[in-house]
Amino acid sequence: MPHVITQSCCNDGSCVFACPVNCIHPSPDEPGFATAEMLHIDPDACVDCGACVSACPVGAIVPDNRLDGKQLPFVEINASFYPDRPADVKLPPTSKLAPVLPAPQVRPRRQPLTVAIVGSGPAAMYAADELLTQHGVRVNIFEKLPTPYGLVRAGVAPDHQNTKRVTDLFDRVSRHRHFRFYLNVEVGRHLSHAELLAHHHAVLYAVGAPNDRRLDIDGMGMPGTGTATEFVAWVNGHPDFSDLPIDLSHERVVLIGNGNVALDVARVLTADPDDLARTDISDRALAALRGSAIREVVIAARRGPAHSAFTLPELIGLTHASDVVLDAHDHALVARDLPTAPDRLTRHKLEILTRLADASAPGDRPRIRLTYELTPERVLGERRAAGMEFSVTGTDQARRIDAGLVLTSIGYRGKRIRDLPFDEAAAVVPNAQGRVVDPDSGHPVPGAYVAGWIKRGPTGFIGTNKSCSLQTVQALVADFNAGGLTDPVGPRAALEELVRGRVPDVVDAAGWRAIDAAEIARGVDDGRPRKKFTAVSDMLATAATAQPAPPRRLLARLLG
Ligand code: NAP
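Residues numbered from 1 in each chain as written. Predicted model: local features only at pLDDT ≥ 70, side-chain atom pairs only at ≥ 80, totals over all residues. Heavy atoms only, no water.

## Digging into the packing of helix α14 (residues 328-337) against helix α15 (residues 344-354)
For clarity, the cut-off: Fitted lines through C-alpha atoms give the axes, limited to the stretch in contact for helices. The angle between two N-to-C directions lies from 0 to 180 degrees. A run of DSSP states H or I qualifies as a helix once it reaches four residues; a run of E qualifies as a strand once it reaches two. Both are numbered from the N-terminal end. Here is the rule for handedness: rotate from the far helix to the near one, and if that takes an anticlockwise turn smaller than a right angle the crossing is left-handed, while a clockwise turn gives right-handed. Contact between two residues is taken to exist if any of their heavy atoms lie within 4.5 Å; hydrogens are not considered. Any residue outside Ala, Val, Leu, Ile, Met, Phe, Trp, Tyr, Cys, Pro, Asp, Glu, Lys and Arg is labelled polar, Gly included; the first ten of those are nonpolar and the last four are charged.
Contact pair α14 / α15: the axes reach a minimum separation of 10 Å and the direction vectors enclose 145 degrees. As α14 runs across α15, the sense of the crossing is left-handed. For the pair formed by α14 and α15, the contact residues are His331, Val334 and Asp337 on the first element and Leu350, Leu353 and Thr354 on the second. For the contact of α14 with α15, the residue count by class is three nonpolar, two polar and one charged.

Quick look at the structure:
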C-alpha cells in the first residue's frame, strides 16, 4: 500500500528528508527540482512507513487505499515519474542535504549569529527554520503588517485550506526561544537597512514580489479593470485591498493569462458561496460573491494549449471543483497540439483538455472557459470596462469578448528595496546564491542577503522556498564562519529600545497569537477555520490584549 502525493503538494521537500528509503523525487539537490510541478513517491520503493505523512506541512500525502475519487489521478502521476525502471535497478543513494553550521565547539568564541529577516512569508519562515536548527543562532523577523506569513495568508486561495496548513510549521518555528517577531514594523520606513544591520550580523530580505506585472494597453486602469493578484488579496482580506471596489454585477469576467493564479481566481469566482463560507475568505468578499451575477469566467491565453502556464495538479483540481469548458475552435487547437506534445507532462495536460465539455452544452452553474491564442489589444468601453478586444495571435484578425470585469493575471513583479541594488529588467535584487551583489563592482554587499521571489523571481510553489532559503542560509553561515560579518553594536535590549521608540505598537509573537486566537474564535459559530480581521486597527487592538510572557527565569522558578 504505497503512499501518494496529491494536489496540494507544496514542494518544500520535507517529505524527502523524512523518507527513510529515499523514494521521493525529485529531491532538492536533483536536477529538475526547481521546475518540478510536484514531488512523486515511487510506488515500488515506498515502504509505507508514513514518515512522509507526518513531515508534510500541507497534508498532501495519503495512503493509496484512502484516496478519494478526486485524488485517484495522482496514483498514476506519482508512478509515471518513474517510468520503465527495470525491476532489479537499485534506487539512487540517499541525497539528503548536510547540516549548515559546523558544530558549536569548532566555532571561535564570539557573539552568537544574529540575523534580521525582513518579511514573514514562506521564504522568510523557511530561512528562520534553517537558521534555528543550529545551536545558539538568533533570528528576528520584521514584517510591515501586524500579521505574519505573507502570501500564505493573503495569496493562497481560501478554498485551498490544506495549503494554508503550512502555517502550523511556521507557528512552530516562531515558538523557538531564539526567535522574535517584530510585526507592524516597516523596514525602509521605520528602520533603515543600516540601522538593522548595525544590530545584526546580517539582514536577509525575503520580501517577495509585491507588485503585479502591468499590461500596457488602452483602457487598463478604467473602472472594471484590475489584476488577479489584487483580487486574491481582496478575497483573503489583506488590509490594503479589503475595500477594493470589485463589481460582480455583470455576467462575464475575462482573465488575461492562464497561470495558477488565474485558475485560483476563476475557481473562486464560480464557486458555490456556501462552500466558500466554510473557509477563511473575507466577509466582504463572501457577501459580494453571494450577490454575484457572474455566469462565465473566460481565461484567455496568448499562446496555444501546449504552452498553458497552469500546472497539472492545479488543472486536475480545477476540473474536479468547477465546470470547465472549451469552445469548438479551442478543442481544435488542443487536437492540433496533442500529437506533437513535447513531453509527458504537457501530453497529460492536453489529454485532460480534450475531455472538457463543449462550451455550447448548457450548464446550470457558473462555468470557466479556457481560450487560446488571443493577444490582448485593448479594453472596450468608454467610462468602464465593457469587454476585451484581442487579436488572434500572429494575425490582425480581431476577436471581442464582452465582460464587465477584466483582470490581468500575468505574474507578480519584485519591487526595489531601499539602499540595495536592483535589476529593473528581471525585477530581482542581483545576487549570487543569495548574497546581494553590487552590479557595478561585482562584489557582495556585506551583510545583505535575499531569499524567495525577490532573489529568483516569482515562480514556484510555497515549498520551493525551502531549498531556496537553505541556499541563502548556507552562504550567510559560510560568511559568518569565515569572519566576514560584523558583530552587532549592542545588546538585544538596544534593538528593542530602537524599535519601540519608532513603533510603539510593534506586535510581538504574543500579540500575533492573540490575533490568531481571536480570529479562530470568531469563526467557530459559523464552522469556519477563522474569521479574519481586515483592518490594521482591529489587529492592533487585539494584539494589545496579549499578556506579556513572564520572564523565562521567573517561569523556571515558579515551575520549580
Ligand atoms: P505565471 O505562471 O507566470 O503565468 C503568467 C501568465 O501570464 C502566462 O499565461 C503568460 O503567458 C501570461 N502573460 C505574461 N505576459 C503577458 C502579456 N503581456 N500578455 C498576455 N499574457 C501574458 O504567473 P502566475 O499565475 O501569477 O503564478 C506565479 C507563480 O505562482 C507560478 O509559479 C505559479 O505556479 C505559482 N502559483 C502556484 C499556485 C498553486 O500551486 N496552487 C497558485 C498560485 C500561484 P506566456 O506563457 O505566453 O508568457
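## Describing the side chain of Thr227
Inclusion rule: Three exposure classes are used, based on accessible area relative to the maximum for each residue type with a 1.4 Å probe and protein chains only: buried under 20%, partly exposed in between, and exposed over 50%. Under the rule applied, a polar contact is a pair of N or O atoms within 3.5 Å (in protein, one hydrogen donor and one hydrogen acceptor; residues adjacent in sequence only if both atoms are side-chain atoms).
For Thr227, the position within the fold is in strand β10 (residues 225-227). Residue Thr227 is classed as buried on the basis of its relative accessible area of 3%. A distance of 3.3 Å separates a polar atom in the side chain of Thr227 from a polar atom in the side chain of Thr229. Apart from the residues within four sequence positions on either side, Thr227 is in contact with Asp212, Arg214, Leu407 and Thr408.

## With respect to the environment of Glu496
Note that Glu496 resides in helix α18 (residues 492-502). Its relative accessible area of 21% is what places Glu496 among the partly exposed residues. Separated by 314 residues in the primary sequence, Glu496 and Tyr182 place their C-alpha atoms 9.3 Å from one another. Within polar-contact distance, the side chain of Glu496 engages the side chain of Tyr182 at 2.6 Å.

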